Amino acid sequence: MKIFRGSSSTETIPAQSAQRLTRRSSGLGELSRMWESAEGLCVLDLGATSPTNIRHFTERSHRIYSEDLLTASTDPALLIPGEGGKDEQGNPVLDSRKFLADNLVYPAAHFDVVLCWNLPDYLNEGLVKPVVGRLWSVLKPGGMLLAFFHTRDAGPDSPCHRYHIVGPDTLEMKKVELKREVRRGPTGAVHTAISDSFHLQRVFNNRHIENLFRDFASIKFFLARDNIREVLVVR
Amino acid sequence: MSASAVGLAQIGKSVFIKGELSGSEDLYVDGQVEGSIALKGNSLTIGPNGQVKAGIDAKGVVIQGKLEGNIQAAERVELRKSAIVTGDIATQRILIEDGAFLKGKVDIQRD
């Protein structure tokens, strides 16, 4: 099932920080109805630790898991040395098996909701399909996943944002920057990340997105005015 | 105010302990601990130099350093901005500062 709707917009919060933007999200609005009416949901939030999101879900008696896959993907230990560490385009070639051995390690059919945000747009090419495959397996049948994809009009320099839930259909966006403390990683080992910042890796068209989520039961597109397509998929 | 100044039991940053740690007073860990920490009815603080690989069972837990392990806190958990935590947290109340790193679950337990 594919439904196209248009309703999202972006606006700047005038006070305090020019870096903080808000946007309306139709996909979030639809998901919100689910978690406002259900109890004890299990939610996976893929991004840097967000106190705002953790508070949002714990106040509603849901369990939230936090995992920052984008930062985890900058670990130099993931580079495949035999291939020089780079592909023909000069992008790093990463070991997806090693990545999935250390990340997204959860029981099958564990989550009701996965908040994927804009992860596929910024994740290393070799990790995207394996990660989506793992997300399929950790979602419960009927569970929902929300992802954002830039359109071509967004341009190659679109900054990577972290999304914080500030209302039933409203997100606050903060630009993601790799900080030295973040690069230290969960093991505490200080290492030099593969890159200093996150860049848009590719632009998915609708066919690519459908293909990426082909194992899921349904996919719904929401068109936005800020060159981002929201996608809500159901396992 | 330093840990010693307020009379906390303290593990300094040059100390490494491996095994089960239990007690009935508040504890400040700025060194390394591997094993388990049980302080039922009391609080644990992991200082900025602290590196703990242990399951924790305490009344309150404040983390400024690094923890690998699950936290079971009867009352409250605080992750300060320098905290790096890999593990699940079960508690009644939680405070997470911007910049803290958490890889794991947060489960708020009601009375």
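As shown above, the structure is provided for reference.
What comes next is a walk through the structure. (Residues numbered from 1 in each chain as written. Chains lettered and ligands numbered in written order. Predicted model: local features only at pLDDT ≥ 70, side-chain atom pairs only at ≥ 80, totals over all residues.)

Before going further, it helps to spend a moment on the pairing of strand β8 (residues 161-167) of chain A. Residues and elements named next belong to chain A. Counted residue by residue, β8 has five buried out of seven residues, so it is predominantly covered. Two strands pair when backbone bridges link them, and β8 and strand β9 (residues 170-175) are joined in this way by six bridges, in the antiparallel orientation. Note on β9: the bridge partner recorded for Y163 is M173. Counting the residues that bridge the hairpin from β8 to β9 gives two residues. (Buried ≥ 20, exposed ≤ 12 C-beta atoms within 10 Å, placed from the backbone. Helix = DSSP H or I, 4+ residues; strand = E, 2+ residues; numbered from the N terminus. Pairing = 2+ DSSP bridges.)

Here we take up helix α2 (residues 51-58) of chain A. Of all the positions in α2(A), only A:N53, A:I54, A:H56 and A:F57 are classed as buried. Seen along its axis, α2(A) keeps its buried residues to an arc of 160 degrees; they face one direction. Buried residues along α2(A) sit in contact with β4 (42-46), β5 (63-67) and β8 of chain A together with β10 (93-96) and β11 (101-108) of chain B. (Arc of directions from axis to C-beta. Contact = placed C-beta atoms within 7 Å.)

Here we take up the interface of chain B and chain A. Residue-level contacts link 16 residues of chain B with 13 residues of chain A. For the side of chain B that touches chain A, the leading source of residues is β11(B), giving eight residues. In terms of residue class, the side of chain B that touches chain A is built from eight nonpolar, three polar and five charged. As judged from the three bridges shared by β5(A) and β11(B), these two strands associate in the antiparallel manner. From the neighbouring strand, A:I64 faces β11(B), where its bridge partner is B:V106. (Nonpolar A, V, L, I, M, F, W, Y, C, P; charged D, E, K, R; others polar.)

Here we come to the environment of B:L44. All names here are of chain B. Relative to the helices and strands, L44 is located in strand β4 (residues 32-46). When the C-alpha positions of L44 and A73 are compared, they lie 9.7 Å apart, and in sequence the two are 29 residues distant. For L44, the residues in contact, after removing those within four places along its chain, are L27, V29, I37, L39, I56, A58 and V61.

All names here are of chain A. Even without glycine at this site, L104 takes up a positive phi of about 55 degrees. Assignment of secondary structure puts L104 in the loop between α4 (96-102) and β6 (111-117). Positive phi, close to 60 degrees, is recorded for N227, a residue that is not glycine. The partly exposed category is assigned to N227, around which 16 C-beta atoms lie within 10 Å.

What follows deals with helix α6 (residues 125-138) of chain A. Residue and element names in this part refer to chain A. Taking 1.5 Å of rise per residue, 14 residues should cover 20 Å, and α6 covers 21 Å from first to last C-alpha, within 8% of that figure. Of the positions making up α6, those classed as buried are L127, V128, V131, V132, R134, L135 and V138. Within α6, the buried residues cover an arc of 165 degrees as seen down the axis, which keeps them to one side. The elements touched by buried residues of α6 are α3 (69-72), α4, β6, α5 (119-122), β7 (139-150) and α8 (206-212). (Expected span 1.5 Å × (residues − 1).)

Read these as spatial facts, not as claims about activity.
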